[in-house]
Number of protein chains: 2
Amino acid sequence: MSKTILLDNRPEGMPKTSDFKIIDEKTPEIKSGEILLKTNYISVDPYLRGRMRDVKSYIAPFELQQPIVSGIVAEVLETKNSNFDKGDFVTGNLSWKEEQVSTGEGLMKVDPKKAPLSAYLGILGMTGLTAYLGLTEIGKPKKGETLLVSGAAGAVGSVVGQIGKILGLRVVGIAGTDEKVALLKSEFGFDDAINYNTTENMVKAIAETCPNGVDVYFDNVGGDISDAVFFNINKKARLVICGAISVYNETEMPKSISVQPFLIKNSALMQGFIIFDFVDKYPDAMNQLGQWLGEGKLSYKETIVEGFEATPQAFIDLFKGKNKGKMIVKV
Amino acid sequence: MSKTILLDNRPEGMPKTSDFKIIDEKTPEIKSGEILLKTNYISVDPYLRGRMRDVKSYIAPFELQQPIVSGIVAEVLETKNSNFDKGDFVTGNLSWKEEQVSTGEGLMKVDPKKAPLSAYLGILGMTGLTAYLGLTEIGKPKKGETLLVSGAAGAVGSVVGQIGKILGLRVVGIAGTDEKVALLKSEFGFDDAINYNTTENMVKAIAETCPNGVDVYFDNVGGDISDAVFFNINKKARLVICGAISVYNETEMPKSISVQPFLIKNSALMQGFIIFDFVDKYPDAMNQLGQWLGEGKLSYKETIVEGFEATPQAFIDLFKGKNKGKMIVKV
């Protein structure tokens, strides 16, 4: 018997643990071409909130009474597939199950000697790719420019800031606690950081920490924080719209300032993306990230929660800002 | 003596004729290298509203008690500059004066035999360039896609739609009267058009007129109309932000829906521009527009107001939707 986490209700506003259901299931026998996987690490990510809504999006919504799917690292327990050996570790989009059967399609083998297994869900996985490709492909950062990052202490934000520093930019972060602000400067090398929870006038705070204006804004949060950024963007600014965590749980259509006049006035570009847009650039990006990591130029934080059944709560805690860096469940 | 129109007050909200002052001035004698110009046509444009505010923008604000400057076609009355002959016609950014002295710098000679003089303020001037370069450089339209244009019966919008048709797109326009809607279809070849003043549910109306979704949105208006568009954009949509006439006269910071989630969900791009961004592309664009005009593929409308002193009212009437096509004052 192994446990599975299903979506029991579509959340209204902030998700609750009662929106999920944990059941015991017998894992089926593997057939020819299949492998049996035991889950080691589960990635919980803000974008999963979108899939819990029953609306058309870039990716189909989760179905009720079906398992949630996210990035997972797992070990091969049994194999009837010649591409995989017992004891291999793999990563890919898998179900929130303690054990599961897979054909191996879409899975990538990972090497626990090169990096800790959890890193393949973070800096060497979707997180790192999202940070690197969003920043370089849309943000097109140039040495000497100013990069502002919201959700800067989060998994993606902290990597974006460090890449900005490697590329020679002034990097300023926005985060929600003094502890995170300190971490951005001490651990991740940000030039400056703003605590939006204790800052009265965000427009002024951004102006002060970005005295030459904002050339690239890497946005993980949306909402009021992003509204304040528009008053500080430079001519030909690039706004990389990666996430909007501040509005994912809103039940009414959120309102913001009208951004169009700011875009016109500054000939600025604003572009949303999902990482799958850049799938042809994954190999080069992985190489670059692996190289920087090996050279000690990238550091990363993980918030590791223990226990399979803690996965729903870990997901909910993302929206409460309880993580520093990548939020991961260790099964 | 000749008349000059000065900015007397910075308008609050909708401009009033009392924000302008008309004075009589003696035109100075021309010196060596100068020419004396007599104004024939004055272009009034929504973007001038921005220059009447005392805020930092891509172009300096107009100064109080100084003449307004806009696109003008004028005739050379006297010359002490060997580049210009008496009787030449020129166009460029000039002051709202019946007569003025210029060094000729930044002026371009125009040929009244090739096109009516007023066309050099419209289809063969900034209007045509804005439509062509905004659409092609940012919108990157592809044959078979759907192009939606707001302010479609305006000077820029009506040209954008026609270029869309030349390039093989389905073209839908949004305008504010039934007469304009009819004009878009009969005169400018739009496939369909929506009257936003008589439409209750714009989201639905756009969905119905753009059954394959919106690939390119050329936005001249901003505000509520543009908010409705976001619900109908396709994956990888391009939103060309040319103008936001609906909010130019707002005295409070206007609110809109949060666009970030729509941009993420669709990997969509939104970019503001001013025509000066593409200055290196003017010659090619002029050639293309001239060719299409010569081939009878582009038609244009002008709303011509008579009399120099009517210029402020003509400008104000832009915000009341009183023009069809390019609004021009004939002096």
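So, how was this worked out
- Residues numbered from 1 in each chain as written.
- Chains lettered and ligands numbered in written order.
- Predicted model: local features only at pLDDT ≥ 70, side-chain atom pairs only at ≥ 80, totals over all residues.
- Heavy atoms only, no water.
- Phe/Tyr/Trp six-rings, centres within 6.5 Å; stacked < 30°, edge-to-face > 60°.
- Helix = DSSP H or I, 4+ residues; strand = E, 2+ residues; numbered from the N terminus.
- Buried < 20%, exposed > 50% of the residue type's maximum accessible area, 1.4 Å probe, protein only.
- Domains from an automatic or database assignment.
- Contact = heavy atoms within 4.5 Å.
- Salt bridge = Lys/Arg side-chain N within 4 Å of Asp/Glu carboxyl O.
- Least-squares fit on C-alpha atoms with pLDDT ≥ 70 in both.
- Buried area = accessible area lost by both parts, 1.4 Å probe.
- Polar contact = N/O pair within 3.5 Å; in protein donor to acceptor, adjacent residues only side chain to side chain.
- Nonpolar A, V, L, I, M, F, W, Y, C, P; charged D, E, K, R; others polar.
- Pairing = 2+ DSSP bridges.
- Axes fitted to C-alpha atoms, helices over the stretch in contact; angles between N-to-C directions.
- Parallel < 35°, antiparallel > 145°, perpendicular 65-115°, else oblique.

Caption draft 1: Main features of the packing of aromatic side chains. Residues and elements named next belong to chain B. Within this structure, the stated rule accounts for 14 aromatic pairs over all chains. For the ring pair Phe20 and Phe315, a centre distance of 6.2 Å and an interplane angle of 80 degrees mean the geometry is edge-to-face. One end of the pair, Phe20, is in strand β2 (residues 20-25); the other, Phe315, is in helix α9 (residues 311-318), and 295 residues separate them in sequence. Residue Phe20 is classed as buried on the basis of its relative accessible area of 7%. Summarising the aromatic geometry, the rings of Phe231 and Phe262 are spaced 4.9 Å apart at their centres and angled 70 degrees between planes, so their arrangement reads as edge-to-face.

Caption draft 2: How the structure looks around the domain arrangement of chain A. Residues and elements named next belong to chain A. As assigned here, chain A comprises domain 1 (2-122 + 300-330) and domain 2 (126-276). With centres defined by C-alpha atoms, the gap from domain 1 to domain 2 works out at 28 Å. Of the residues lining the interface, 20 residues belong to domain 1; the matching set on domain 2 comes to 18 residues. Where domain 1 touches domain 2, the interface holds one salt bridge.

Caption draft 3: Expanded view of the relation of the copies chain A and chain B. By a simple turn and slide, chain A fits onto chain B: the slide is 0.0 Å along the axis, the RMSD is 0.0 Å, and the turn is 180 degrees. Here the symmetry operator amounts to a two-fold rotation axis. Interface overlap between copies is the fraction of interface residues in one copy that are interface residues in the other; for chain A against chain B it reaches 100%, indicating a shared surface.

Caption draft 4: Region of interest: the environment of Lys142(B). Residues and elements named next belong to chain B. Along the chain, the position of Lys142 falls in the loop between α2 (126-139) and β8 (146-150). By relative accessible area, which is 48% here, Lys142 ends up partly exposed. Taking the C-alpha atoms as reference, Lys142 lies 7.0 Å from Leu169; in sequence the two are 27 residues apart. What Lys142 contacts, discounting residues up to four positions off in sequence, is Leu169 and Arg238.

Caption draft 5: Seen up close, the interface of chain A and chain B. At the interface, 37 residues of chain A touch 37 residues of chain B. Buried surface at the junction of chain A and chain B, summed over both partners, amounts to about 3100 Å²; 59% is from carbon and sulfur atoms. Its largest share of buried area at the contact with chain B, chain A owes to Gln260(A), Ile264(A) and Met270(A), together 20% of the area lost on that side. Remark: the boundary between chain A and chain B carries two salt bridges. In this structure, Lys235(A) engages Asp277(B) in a salt bridge whose closest nitrogen and oxygen atoms are separated by 3.6 Å. Where chain A touches chain B, the interface holds 10 residue pairs in polar contact (both at pLDDT 80 or more). Secondary-structure elements contributing two or more residues to the side of chain A that touches chain B are α6 (223-230), β12 (233-241), β13 (255-257), α7 (260-266) and β14 (269-272) of chain A. Here the element with the most residues in the side of chain A that touches chain B is α7(A); it accounts for six residues. Residues belonging to the side of chain A that touches chain B are distributed by class as follows: 21 nonpolar, nine polar and seven charged. Two elements, β13(A) and strand β13 (residues 255-257) of chain B, share three bridges in a ladder whose sense is antiparallel. In the strand pairing of β13(B), Ser256(A) is matched with Ser256(B).

Caption draft 6: Highlighting the side chain of Ser95(A). Residue and element names in this part refer to chain A. With respect to the element layout, Ser95 can be found in strand β5 (residues 89-95). Since its relative accessible area comes to 15%, Ser95 is described here as buried. Beyond its immediate chain neighbours, meaning those up to four positions away, Ser95 contacts Pro67, Ile68, Val69, Ile72 and Gln100.

Caption draft 7: Spatial organisation of the packing of α2(B) against helix α8 (residues 282-294) of chain B. Residue and element names in this part refer to chain B. Packing of α2 against α8 leaves a shortest axis separation of 10 Å and a crossing angle of 105 degrees. Here α2 is positioned roughly perpendicular relative to α8, judged by the angle of their axes. From α2, Gly128, Leu129, Tyr132 and Leu133 reach across to α8, where they touch Tyr282, Ala285, Met286, Gln288, Leu289 and Trp292.

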